[in-house]
Amino acid sequence: MKEELLKKNEEIYWIPDWAGNRWFKSWLSTLKDWCLSRQRFWGIPLSIWICDNEECKDITVIGSAMELKRISGQCPEDLHRPWIDKVTWKCKKCNKGTKKRIPDISDVWLDSGSVVWAAQETYDGESHYDSWVPADFIIEGKDQIRGWFNSLLSSAMLSSDRKNYHACYMHGWVLREKQKMSKSKGGAINPEDIINGSIEELQKKKSYSQIKGVETFRFYSIGATQPGRDFNFSVKEYADTFKILNTIWNVYVYANEKFQLANFDPSKTTYDLNKLNKLDKWMLSRINSTIKKITELADAYELPWITGELRDFILNDVSRWFIMLNREKLDIYSDDPDKEQIMALLFEVLYKFLLLLTPVNPMLAEEIYQKMFKNNISSLGLKETKSIHLQDWPEYDEKLIDAELEEKMTFTRDLIEEVRALKDENRIRLRWPNKKIFIEPKENMPDLEFAELIKQMGNIKELEIKKNVEPSENLLKKETKYANVYLDVSVDDNIIAERVVNDLIRNIQYSRKKNKYNVGEEISLEIGTKTDYLKKFIEKQENEISEKVTATKFTAIQKELSQENDKGFGILHICPNKQCSASLKDNIYSKLKKKKKDVKCPYCESQLSEEAIKSISFLFSKVK
Ligand SMILES: [Zn+2]
Ligand SMILES: [Zn+2]
């Protein structure tokens, strides 16, 4: 049979391919006879009876319980040992001896190799002998090359001369710190401990205490290992995967809350393709290209890469990008004309993503479906089903995939990342504006479709594309794939004023929250500073401050304010170097109060003293 088996093996789709064209091929090439009996008690008794007359030794092989009854006149309810061994009959050939069952049972691999027949509804052993249907896909560990993979194919080939599985996924073993898990040596992990969150290492860390259930393990184990390779369980990687699941959950909770607060009814709202802006079109392209990619991966059984695609999409594209950029528009107080349209788009995108997630996280996806989509599913042109698992796999629309636009967005995000890194490395808070960036194109730089986004996300006033940028002390440089970025870190009064005011606004907002003021609740605000230029900065941006902190009354006074009963109060300590004017953290100021020497501003590194420190204080209360 060797040649036949080797030929059929070539038709099987192996994942990884070397499991088939090296391992299984090598096993089949040296195939020996298979002794399919075992001398044990537990197992499937071989249905072979032999006449005990030494001169006769006639053999009967029984094919079914019915046949046994017909020939022997009896058939036990339970066909296992010891009952089956009691079935004997007088040999009809010699009329002297007795037919007795041989004591052997079958090798377990014969059972598991017979799964195609066991799965059939009719099993008379004759008329449906060859009507079995091959499995599309089987999956087992690497020890099954000589076990199940072999017994399945051999049984089918021997009986029917065809193969009984089309695709075979071989996985490795589960290891711990690259060692085999062992109960005696420790290091073994019980599935129950994963589900209950009672793995020892998890309990040691407080931030890990929430990690339980089986969905994190599902996502983790599918993505952790390439096909055929051993899976090295790491508590840290497992715990990190929980963050992904948590983000997925939070994205849906966030969206659902915004939909409900806005009384958003998906059946009454659609989006008009022609009215979508570039960011929306990008989102639509991303969901379609993600469906396409994951469908291709799933069709090719490239399972471990699927979770990576899922993670990138929901974390980077939806949570940290599309939702983040639309946060204000989605807010309950927003009356943005595009609000409904964005919600309709988000609703559809989130539903399609959920379908992609379903095979990996069947429970999580079902929970979200029941809570958020089931009752509204008809608005997406779909039939309501009891479960998400009864819905069809999503289809993608090639026309909506715009690879060029996606590339432009990736480039934009690279640029923003580099600008933010430059700010961070040079101790410029993100909320402090910078004057300008220069983009110096390299070859094949895509159009800067999203220049406004770069300015907004990097908090930059101006952006210029310029060839051959002259290096200077004030220009900090970073490289990306398509361009160099230069951040201008020079400052003037306008930039410094914004810096001070942005820090002040953040402090007031924080104080509002701490004092339990509701969003939108109007306040009366007093701001005091003894420093002339700081007062000018504040007065110049009175409107900006008032709007951001919802102050309907605003006064700026040239003196220090002090705490009053029933009023919100705060004080900012400001670096006296006017070119810096950073608000200093409390720990810096308390060092100064303790008369510590050699305290430096962490932003401009100038020497500080308590006397020189400038300050801005504020008081606010509800408008009566
Ligand atoms: Zn006989
Ligand atoms: Zn400073």
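Higher on the page you've got the structure.
Procedures and definitions
- Numbers given for residues are sequential positions, taken from 1 along each chain in its written order.
- Think of it this way: whatever chain is written first is A, whatever ligand is written first is 1, and the rest follow in order.
- The predicted nature of this model means local features are confined to residues of pLDDT at least 70 and side-chain atom pairs, given and counted, to a pLDDT of 80 or more, with totals for whole chains, interfaces and linings taken over all residues.
- Side-chain calculation: all heavy atoms of the structure are included, whereas hydrogens and water are not.
- For helices, the axis comes from a line fit to the C-alpha atoms of the stretch in contact; other axes are also lines fit to C-alpha atoms, and the angle between any two N-to-C directions lies between 0 and 180 degrees.
- For the purposes of this entry, the term helix denotes a DSSP run of H or I that reaches at least four residues, the term strand denotes a run of E that reaches at least two, and both are numbered from the N terminus.
- Should an angle fall under 35 degrees it is taken as roughly parallel, and over 145 as roughly antiparallel, whereas 65 to 115 is taken as roughly perpendicular and any remaining angle as oblique.
- What makes a crossing left-handed is the near helix being turned counterclockwise from the far one by less than a right angle; a clockwise turn instead makes it right-handed.
- Whether two residues are in contact is decided by their heavy atoms, any of which lying within 4.5 Å being enough.
- Residues are grouped as follows: Ala, Val, Leu, Ile, Met, Phe, Trp, Tyr, Cys and Pro are nonpolar; Asp, Glu, Lys and Arg are charged; all remaining types, including Gly, are polar.
- The patches reported here contain residues having more than 30% relative accessible area and no salt bridge. Joining distances are 9 Å for like charges and 5 Å for nonpolar side chains (Val, Leu, Ile, Met, Phe, Trp, Tyr).
- The Shrake-Rupley method, run with a 1.4 Å probe, gives the accessible areas here. Residue values count only the displayed protein chains as cover.
- Definition used for salt bridges: Asp or Glu carboxyl oxygen within 4 Å of a side-chain nitrogen of Lys or Arg.
- Three exposure classes are used, based on accessible area relative to the maximum for each residue type with a 1.4 Å probe and protein chains only: buried under 20%, partly exposed in between, and exposed over 50%.
- Throughout this description, the term nonpolar core refers to a set of buried Ala, Val, Leu, Ile, Met, Phe, Trp, Tyr and Cys residues connected via side-chain atoms within 4.5 Å.
- Those domain boundaries reflect an automatic or database domain assignment.
- For Na, K and Ca the donor cutoff is 3.2 Å, while for all other metals N, O and S atoms count as donors only within 2.8 Å; water does not appear among the atoms, so some sites may look incomplete.
- Just to be clear on the cut-offs, tetrahedral is four donors with all angles between 85 and 135 degrees, square planar is four donors and octahedral six with opposite donors over 155 degrees apart and all others between 65 and 115, and anything else goes down as irregular.
- What a helix is expected to span follows from its residue count: subtract one and scale by 1.5 Å.
- Pairs of N or O atoms within 3.5 Å make up the polar contacts considered here, provided that, within protein, one atom can donate a hydrogen while the other can accept it, and that residues adjacent in sequence are counted only when both atoms are side-chain atoms.

A.B. asks: So what about the packing of helix α9 (residues 215-224) against helix α10 (residues 235-261)? Which residues, and what values?
C.D. replies: Between α9 and α10, the least distance of the axes is 9 Å, while the angle of their chain directions is 115°. Between α9 and α10, the angle falls in the class roughly perpendicular. For the crossing formed where α9 meets α10, the hand is right-handed. Counted together, E215, T216, F217, F219 and Y220 of α9 and E237, Y238, T241, F242, I244, L245 and I248 of α10 form the full contact between these two elements. Here the residues of the contact of α9 with α10 are counted per class, giving eight nonpolar, two polar and two charged.

A.B. asks: Can you lay out a nonpolar patch on the surface for me, pointing to particular residues and giving the numbers?
C.D. replies: On the surface, W34, L36, V108 and W109 cluster together to form a nonpolar patch covering roughly 340 Å² of accessible area. Relative to the helices and strands, V108 resides in helix α4 (residues 108-112). Given a relative accessible area of 53%, V108 falls into the exposed group.

A.B. asks: Break down the pattern of salt bridges for me, with residues and values.
C.D. replies: All chains considered together, the criterion is met by 42 salt bridges. For K461, the salt bridge goes to E498, with nearest N and O atoms at 2.3 Å. Within this pair, whereas K461 is found in strand β14 (residues 460-465), its partner E498 is found in helix α17 (residues 493-514), the two being separated by 37 residues in sequence. The closest approach of N and O atoms between D532 and K536, which form a salt bridge, is 3.2 Å. Highlighted residues: D532 and K536, both in helix α18 (residues 532-540), separated by four residues, approximately one helical turn.

A.B. asks: Describe the nonpolar core, naming the residues involved and giving the relevant values.
C.D. replies: Core analysis: the largest hydrophobic core is formed by 76 residues, its most contacted members being L350 and F373. Ranked by the residues each element gives to this core, the list is headed by helix α13 (residues 339-357), at 14 residues. Mapped onto the domain boundaries, this core takes at least three residues apiece from domain 2 (236-400) and domain 3 (425-490). The residues touching F373, leaving out its near neighbours within four places in the chain, are Y252, F347, L350, Y351, L354 and I368.

A.B. asks: Before we move on, can you summarise the coordination of the zinc ion (ligand 2) with the specific residues and values?
C.D. replies: Ideal geometry at a metal centre gives angles of 109.5 degrees when four donors are arranged tetrahedrally and 90 or 180 degrees when six donors are arranged octahedrally. Looking at the metal site, the zinc ion (ligand 2) is ligated by C575 (SG), C580 (SG), C601 (SG) and C604 (SG), spaced 2.2 to 2.3 Å from it. One can describe the donor arrangement at the zinc ion (ligand 2) as tetrahedral, given that its four donor atoms subtend angles of 104 to 114° at the metal. When the donor residues of the zinc ion (ligand 2) are listed from N- to C-terminus, their spacing reads C-x4-C-x20-C-x2-C. Of this pair, C580 sits in the loop between β19 (568-574) and β20 (583-584) while C604 is found in the loop between β21 (599-600) and β22 (607-608), placing the two residues 24 residues apart along the sequence.

A.B. asks: Mind laying out the packing of α10 against α13, listing which residues take part and the relevant values?
C.D. replies: Geometry of a packed helix pair, given as the angle between the helix axes and the separation of the axes. The interhelical angle for the contact between α10 and α13, taken along N-to-C directions, is 150°, at an axis separation of 11 Å. If you check the angle between α10 and α13, you find them roughly antiparallel. The two elements α10 and α13 cross, and the hand of that crossing is left-handed. Taking contact as the criterion, the partners of I248, V251, Y252, A255, K258 and F259 in α10 are, on α13, M343, L346, F347, L350, F353, L354 and L357.

A.B. asks: How would you summarise helix α6 (residues 148-160) if you had to cite specific residues and measurements?
C.D. replies: Its 13 residues give α6 an end-to-end C-alpha distance of 18 Å, which sits within 8% of 18 Å, the value for a rise of 1.5 Å per residue. Burial analysis of α6 places 11 of its 13 residues in the buried class, the great majority of the element. Among the residues of α6, those classed as buried are W148, F149, N150, S151, L152, L153, S154, S155, A156, M157 and S160.

A.B. asks: Which residues make up the side chain of S490, and what values do they have?
C.D. replies: Within the secondary structure, S490 sits in the loop between β16 (483-488) and α17. Residue S490 is classed as buried on the basis of its relative accessible area, which comes to 15%. Within polar-contact distance, the side chain of S490 engages the side chain of K435 at 3.3 Å. Side-chain polar atoms of S490 contact the side chain of D488, separated by 2.8 Å. Ignoring anything within four residues of it in the chain, the contact list for S490 reads K435 and N474.

A.B. asks: So what's going on with the coordination of the zinc ion (ligand 1)? Residues and values would help.
C.D. replies: Here the zinc ion (ligand 1) is held by C51 (SG), C56 (SG), C91 (SG) and C94 (SG), and the distances to it run 2.3 to 2.4 Å. The site at the zinc ion (ligand 1) holds four donor atoms, and with the angles between them running 100 to 118°, its shape is tetrahedral. Linear spacing of the donor residues for the zinc ion (ligand 1) on their chain is C-x4-C-x34-C-x2-C. Overall, the relative accessible area of 0% leaves C91 in the buried class.

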